[in-house]
Amino acid sequence: MSSYPARDAGNGSDHKKPAGPPFGRRTPFHLGLRHSVDSHSASVFGIPSKSLSISRYIAMSMRSSGTQSVPREAPVHLEGLGKDYGHFTALKSLELTVPQGTSFGFLGPNGAGKSTTIKLMTNLIRPSRGRAALFGIDVRQEPTRALARIGAVIETPEFYGYLSPLETLAYVGRLRGMPKDEIERRSEAVLKEVKLTDWADHRIQEFSKGMKQRLAIAQALLNEPELLILDEPTSGLDPRGMAEVRGVIKALKGEGRTIFMSSHLLGEVQEVCDDVALLNHGELLIHGSVRELSRGADTSTFQTTFLHAPTPQELEALASVPGVVEVKAEGDSTVDLRISGGEDGQARVLEAMVSRGLKVITYRPLGSSLEQLYLDRIQESDRL
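Residues numbered from 1 in each chain as written. Predicted model: local features only at pLDDT ≥ 70, side-chain atom pairs only at ≥ 80, totals over all residues. Heavy atoms only, no water.

Visitor: Just give me the short version of the pattern of salt bridges, but keep the residues and values in it.
Guide: Two side chains of opposite charge can pair, provided their charged atoms sit close to one another. For the structure shown, the criterion picks out 17 salt bridges. As a salt-bridge pair, Glu255 and Arg257 come within 3.0 Å of each other at their nearest N and O atoms. Classification of Glu255 by relative accessible area gives partly exposed; the value is 46%. By relative accessible area, Arg257 is classed as buried at 16%. Three or more residues joined by partner-sharing salt bridges are found here, namely Arg246, Lys250, Glu268 and Glu271. (Salt bridge = Lys/Arg side-chain N within 4 Å of Asp/Glu carboxyl O. Buried < 20%, exposed > 50% of the residue type's maximum accessible area, 1.4 Å probe, protein only.)

Visitor: Can you tell me about the packing of aromatic side chains, naming the residues and giving the values?
Guide: What the rule picks out here adds up to 6 aromatic pairs. Ring-pair connections join several aromatic residues into one group, and the members of that group are Phe104, Phe106 and Phe260. Taking NZ or CZ as reference, Lys83 lies 5.2 Å from the ring centre of Tyr85, over its face. (Phe/Tyr/Trp six-rings, centres within 6.5 Å; stacked < 30°, edge-to-face > 60°. Lys NZ or Arg CZ within 6 Å of the ring centre and 35° of its normal.)

Visitor: Quick rundown of the nonpolar core? Include the residues and the values.
Guide: Core analysis: the biggest nonpolar cluster contains 45 residues, and Leu107, Leu215, Ile217, Leu230, Ile249, Leu252 and Met261 have the highest contact counts within it. Looking at this core, the element that brings in the most residues is helix H6 (residues 209–221), giving 7 residues. Membership of the second largest hydrophobic core comes to 30 residues, among which are Phe104, Ala132, Leu134 and Ala152. (Core = buried A, V, L, I, M, F, W, Y, C linked by side-chain atoms within 4.5 Å. Helix = DSSP H or I, 4+ residues; strand = E, 2+ residues; numbered from the N terminus.)

Visitor: Would you mind going over empty space enclosed by the protein in detail, with residue names and values included?
Guide: There is about 40 Å³ of room inside the largest cavity. Surrounding the largest cavity, Leu107, Leu266, Val276, Ala277, Leu278, Ile286, Leu293, Leu370 and Tyr374 form its lining. At 3 residues, the largest contribution of residues to the lining of the largest cavity is made by strand E11 (residues 275–280). Of the residues in the lining of the largest cavity, the class split is 9 nonpolar, no polar and no charged. A volume near 40 Å³ is recorded for the second largest cavity. (1 Å grid on protein atoms, 1.4 Å probe; cavity = no way out; pocket = protein on both sides within 12 Å on 5 of 7 lines; lining within 4 Å. Points joined across faces, edges and corners; volume = space filled by probe spheres on them. Nonpolar A, V, L, I, M, F, W, Y, C, P; charged D, E, K, R; others polar.)

Visitor: So what about the pairing of strand E12 (residues 283–289)? Which residues, and what values?
Guide: In this structure, E11 lies alongside E12, joined through 6 bridges in antiparallel fashion. Bridge pairing in E12 links Asn280 to Glu283. Following E11, the chain reverses through 2 residues before pairing antiparallel with E12; His281 in that reversal takes a positive phi of roughly 50 degrees. (Pairing = 2+ DSSP bridges.)

Visitor: Outline the sheet that holds strand E4 (residues 88–98), listing residues and values.
Guide: Spatially, the 4 strands line up as an open sheet ordered E4-E3-E6-E7, and their pairing is antiparallel. Only two strands of the sheet have a single neighbouring strand rather than two, namely E4 and strand E7 (137–138). In terms of strand pairing, strand E3 (residues 76–85) meets strand E6 (residues 129–134) through 4 bridges, oriented antiparallel. Within E6, the residue paired with Leu78 across the bridge is Ala132. Packing of helix H2 (residues 114–121) onto the sheet brings it into contact with E3, E4 and E6, and relative to E3 it is tilted by some 115 degrees. (Contact = heavy atoms within 4.5 Å. Axes fitted to C-alpha atoms, helices over the stretch in contact; angles between N-to-C directions.)

Visitor: I'd like a description of helix H7 (residues 239–254), backed by residues and values.
Guide: Between its first and last C-alpha atoms H7 spans 22 Å; for 16 residues at 1.5 Å apiece the expected length is 22 Å, and the two agree. Those residues of H7 not exposed but buried are Gly241, Met242, Val245, Arg246, Val248, Ile249 and Leu252. Down the axis of H7, the buried side of the element spans an arc of 155 degrees, and every buried residue falls inside it. Along H7, exposed side chains directed more than 90 degrees from the buried face belong to Pro239, Arg240 and Gly254. On its buried face, H7 is in contact with helix H5 (180–193), H6, strand E9 (227–231), strand E10 (258–263) and helix H8 (266–272). Looking one or two places after H7, you find Gly256, whose phi comes out positive at around 85 degrees. (Expected span 1.5 Å × (residues − 1). Arc of directions from axis to C-beta.)

Set out below in structure tokens:
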């Protein structure tokens, strides 16, 4: 490959069912309620998880606050939010607001600080600085009220394998203080919403990862939350499982819910979300609507196929065209052009090629302009 710089340019096994229901002393839910927990283990709001004391805390905190009136504030508002672990800064000082009804993508590579942010938002860990507010309520000062209107799945969901989805949702509903008739009504509705109705009475140990992820979303929806928080919802799933989970999220988006979804997959965020924020090394790099960021990207890459392979002199001439940042010959007659200037720049480059007598067969974008923006900003951040 030659490169020319521009010029001035689940299969579960049988398990013995423990004696008694999961509400008794034998379960880990007798552990003391904590007002804040620092933990690196995975958790799922309101269901059994790798950190069960956290699960109980969240479930209890999310009990409906009844007749208390809550001002109609932004679902998510973060002010100078940061977290340090000794000398390591996981999150620097995050300023972020998510409006009502937005499907928000929190994007960044693994280790960028996405899960740390979500755990701070939901009072699972203590901030080193700043504050997080949900619907105008500080999650540290009033966790019960702040968490009452949300549902969330954080990292990897864990369930009691010997329970069915209906039994699990009844368990979660009781932890949240929901009446029995409401639990039954909502359980039927959420299982239908995540397409698990036919599996309602099956043991969860028979479920695939994708089915467990959909069940985790179902329990997060049980209390009809106004804000749904999803941390890497398709992580570890095969393509079919990823498509199933994305389908559920898109359906929820269509209902007008506010969704805060973290991911390291750009295509996933573009498919599901309206707005996006890019995080790396605990620092916010960009924030805006998917459409605006795509239009405002500095460069995009176009794959161009010619009728005849360009000569080295023609490739040199292409590199000198205004707007061409880089030229890469990928084969006998295929060239990748990295172009700046948005759609106007792309049109000018095509006109220049034709005017120079180059016979262009195809001229198509590789990936998206947002993908190029993502890669550029991540690379810039890594160099700092």
